[in-house]
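Each chain, letter by letter, is given below.
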Amino acid sequence: MSSTLRDEILELIWALREKNVNSIEDIVKGIGDSDTSDEIRKMEKAGCLLIRNHDVELTEKGETRARDLTRRHRLAERLFHDVLDVSMKESEETACEIEHFLSPSVTDSVCSFLGHPPTCPHGKPIPRGVCCSKYKSGFRPLVVQLKDFEVGSRGRIVFIRPSDSTRLERLSSMGIIAGSIIKLKQKRPSFVLEIDETTLAVDSMIAEEIYVKEHQ
Ligand SMILES: [Zn+2]
Ligand SMILES: [Zn+2]
């Protein structure tokens, strides 16, 4: 028995159901592996699904697993595609690998980091997690651009995405690097922040390229 094949089948059942499709024939076609029909029968014995005529229906056990896999897959796609600028194809391929071993707490951390996104880059819905309902009010992302940071707050620089590659060096010489703790003093007329008791001013374009997370 291949648990990867089982996971792929569960995930496909979930995706097909979003299109109101649940026939065994479509699942077999979608997976393209000759062991698929056998595996579906084994999955029924294992209590993951029920076979009704030519259709399948997830049991509670199958439903939970399919939902978790889909959630991890689609969140991973968002992370690679949006944050790390990985191509759509590669994001999807990597998501297929990573979905099998992301732990629940790491998954919720990724979800919070991304601001509990409702959809993947393909526009498909991401099943909600516990973290999403906790942050229902406002859906504020954990990591924000410095320009959206609150004056007077302390934050840790999580990453910097310079539009101009030479800028990173200049910023790092000022101590603006991932991991630095900053305090935002003002936004107008320019952004003034404090790092290690040094006061620095940056323009608004740079403030868009620095991503911070609140730090107590
Ligand atoms: Zn997707
Ligand atoms: Zn969430």
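The notes below deal with the structure included here.

Definitions and limits used
- Residues numbered from 1 in each chain as written.
- Chains lettered and ligands numbered in written order.
- Predicted model: local features only at pLDDT ≥ 70, side-chain atom pairs only at ≥ 80, totals over all residues.
- Helix = DSSP H or I, 4+ residues; strand = E, 2+ residues; numbered from the N terminus.
- Rg over C-alpha atoms; globule rule 2.2 N^0.38 Å.
- Buried ≥ 20, exposed ≤ 12 C-beta atoms within 10 Å, placed from the backbone.
- Contact = placed C-beta atoms within 7 Å.

1. A look at the overall build of the protein
When you go through the protein residue by residue, the secondary structure sums to nine helices and eight strands. Here the protein has a C-alpha radius of gyration of 22 Å; the compact-globule value for 216 residues is 17 Å, and the former is much larger. Along the first, second and third principal axes, the C-alpha atoms of the protein reach 70 × 35 × 25 Å. In the protein, buried positions account for 26% of the 216 residues. Counting only contacts in the protein whose residues sit at least 6 apart along the sequence, the fraction spanning at least 24 positions is 55%.

2. Let's talk about unusual backbone geometry
The linkage connecting R188 with the following residue, P189, adopts the cis geometry, with an omega of -5 degrees. One non-glycine residue, N20, lies in the positive phi region at around 60 degrees. Relative to the elements of secondary structure, N20 occurs in the loop between α1 (3-17) and α2 (24-31). Even without being glycine, E197 reaches a positive phi, approximately 65 degrees. Here E197 lies in the loop between β6 (191-195) and β7 (198-202).

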